[in-house]
Structures are given as C-alpha cells and as structure tokens.
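# Commentary on secondary and tertiary structure
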Amino acid sequence: MKQWSGLMRMIRPGNAILASIGILVGYFFTRTRYDYNELLLLISAGMCALGFGNVINDWFDIETDKI
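Treat the numbers as computed from the prediction; the structure is a model and nothing was measured. (Residues numbered from 1 in each chain as written. Predicted model: local features only at pLDDT ≥ 70, side-chain atom pairs only at ≥ 80, totals over all residues. Heavy atoms only, no water.)

So, on to the overall build of the protein chain. Of regular secondary structure, the protein chain possesses four helices and zero strands. Secondary structure elements in the protein chain, listed N-terminal to C-terminal, are α-α-α-α. Projected onto its principal axes, the C-alpha positions of the protein chain cover 50 × 25 × 15 Å. For the protein chain, buried positions account for 13% of its 67 residues. Considering only contacts within the protein chain whose residues lie at least 6 apart along the sequence, 43% involve residues at least 24 apart. Of the charged side chains in the protein chain, 6 are positive and 6 negative; the average position of the first set lies 6 Å away from that of the second. (Helix = DSSP H or I, 4+ residues; strand = E, 2+ residues; numbered from the N terminus. Buried < 20%, exposed > 50% of the residue type's maximum accessible area, 1.4 Å probe, protein only. Contact = heavy atoms within 4.5 Å. Lys, Arg positive; Asp, Glu negative; His and termini not counted. Charge placed at Lys NZ, Arg CZ, Asp CG, Glu CD.)

This next bit is on the packing of aromatic side chains. Applying the stated criterion to the full structure yields four aromatic pairs. Aromatic pair Tyr27 and Phe28: ring centres 5.7 Å apart, planes at 80°, arrangement edge-to-face. Residue Phe28 is classed as partly exposed on the basis of its relative accessible area of 29%. For the pair Phe28 and Tyr34, a centre-to-centre distance of 4.7 Å together with 70° between the ring planes defines the contact as edge-to-face. Here the aromatic cluster, defined as three or more aromatic residues joined through ring pairs, consists of Tyr27, Phe28, Tyr34 and Tyr36. (Phe/Tyr/Trp six-rings, centres within 6.5 Å; stacked < 30°, edge-to-face > 60°.)

What follows is the structure, given as structure tokens:
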C-alpha cells in the first residue's frame, strides 16, 4: 500500500486533473462534432504523458531536488 501512495504522489494527480480539464476545454473549442470515445482517449493519453513526465523528472532531478 505504501508503494501506491508514493507512486500517486510522484504522478501528482492534481496536475493530471488540471491537464485533463485543459484537454477537455481545448477539445470543445476546436471541434464541431464531438466523439466522446476520442475525448476519453485524449484525456487518458494526456494524463499518462503527464504522469510519465513527472516520474522521469523526479528520477533524473533527484540530486537537484535534494538541494
């Protein structure tokens, strides 16, 4: 259980929610016809990309973050 809480802190779910809201707003401003399956995939991909970027950032900047 402790590993999951550490992983969730590393992914930063608050940032992922804000990114998904940005994707949602951008999607509705740029489309004239809505496909909700496409929107769900876009939000999922955005959240995964953000989480991956956060993990990579924490991994490679560990010495800088200690300072």
